[in-house]
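Per-entry structural report
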Amino acid sequence: MSGTGSFETVLVVALLAASLVGVARLGDGRRVDTVWTTRESDAAHVVMNLSMAAMHGPLWGPTTRSWVLAVMAVGVLATGLGVLRPPAGPGRRAALVHHLLAFATMGLVVLLGHDPAHGHGHGHGLPGGTPVAVVVAALAVWFAFDLVVTVVVALVGPPARVLPAGVGAPAGRDLAAVRVAAVPHGVMDAAMVVMLLAAL
């Protein structure tokens, strides 16, 4: 098996495993919801990780592409409506905005003609310096930054200065919930970066 094929296999396995973590969190009757671990975020991670697994899997083709694009459009609409509603708690609007951007980014990658067999859009890549290439590069930087922040928050917890007023730093079960929730979020971020860089 080629190095690229092995990488694709590892990526698909990681995305499927992260999806299972998200599904388990959604079905956990004893779950701990905090400003960092919401049902909306868990659902978004399941949908996006499964969609990216399909994008990198052996079934990727015109039919799967159409389904994933439709799912991303529904994700943008549903998350956008969530952003417009009054936030259910501190930090939830920011999480919704981030996932709205993630759904839109995945839709963009599909529209650019993501093709795992060639590693990028239609096997040609985007001409450097074009507005679309600049947007794709900026999105890759954003998701890479979010990946680093996610890992740091999972390891040490969020710094007190970024917490909403009146919200204490997570500890015990809350911190464990943050760490578990970081798995599907971090895998989503990493896969986004891989897809965006491949599109360039």
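Data block above holds the structure.
Before going into details, it helps to say that this report is about the structure given with it. (Residues numbered from 1 in each chain as written. Predicted model: local features only at pLDDT ≥ 70, side-chain atom pairs only at ≥ 80, totals over all residues. Heavy atoms only, no water.)

**Concerning helix α5 (residues 131-156)**
End to end, α5 covers 38 Å across 26 residues, agreeing with the expected 38 Å (1.5 Å per residue, within 8%). For α5, the set of buried residues is Ala133, Val136, Leu139, Ala140, Phe143, Asp146, Thr150, Val153 and Ala154. Where α5 is buried, its residues meet α4 (92-111) and α6 (173-199). Just beyond α5, the residue with positive phi is Gly157, at close to 85°. (Helix = DSSP H or I, 4+ residues; strand = E, 2+ residues; numbered from the N terminus. Expected span 1.5 Å × (residues − 1). Buried < 20%, exposed > 50% of the residue type's maximum accessible area, 1.4 Å probe, protein only. Contact = heavy atoms within 4.5 Å.)

**Some remarks on the pattern of salt bridges**
Evaluated as defined, the whole model comprises one salt bridge. With a shortest N-O distance of 3.0 Å, Arg25 and Asp42 are connected by a salt bridge. Taken together, the residues span a long stretch of sequence, with Arg25 in helix α1 (residues 3-26) and Asp42 in helix α2 (residues 39-56) at a distance of 17 residues. What makes Asp42 buried here is its relative accessible area of 1%. (Salt bridge = Lys/Arg side-chain N within 4 Å of Asp/Glu carboxyl O.)

**Focus: the packing of aromatic side chains**
Tallied over the full model, the rule gives one aromatic pair. Geometrically, the ring pair formed by Trp142 and Phe145 is tilted, given 5.9 Å between the ring centres and 40° between the ring planes. Placement of the pair is Trp142 and Phe145 together in helix α5, with a separation of three residues, close to one helical turn. Judged by relative accessible area, which is 36%, Trp142 ranks as partly exposed. For Phe145, a relative accessible area of 48% gives the class partly exposed. (Phe/Tyr/Trp six-rings, centres within 6.5 Å; stacked < 30°, edge-to-face > 60°.)

**Observations concerning the packing of α2 against α4**
The contact between α2 and α4 brings their axes to 10 Å, and the two run at 15°. As the angle between them shows, α2 and α4 are arranged roughly parallel. Remark: the crossing between α2 and α4 carries left-handed chirality. Contact with α2, carried on its side by Glu40, Ser41, Ala44, His45, Val47, Met48, Ser51, Met52 and Met55, involves Arg92, Ala95, Leu96, His99, Ala102, Phe103, Met106, Val109 and Val110 of α4 and no other residues of that element. Here the residues of the contact of α2 with α4 are counted per class, giving twelve nonpolar, four polar and two charged. (Axes fitted to C-alpha atoms, helices over the stretch in contact; angles between N-to-C directions. Parallel < 35°, antiparallel > 145°, perpendicular 65-115°, else oblique. Left-handed = near helix turned anticlockwise from the far one by under 90°. Nonpolar A, V, L, I, M, F, W, Y, C, P; charged D, E, K, R; others polar.)

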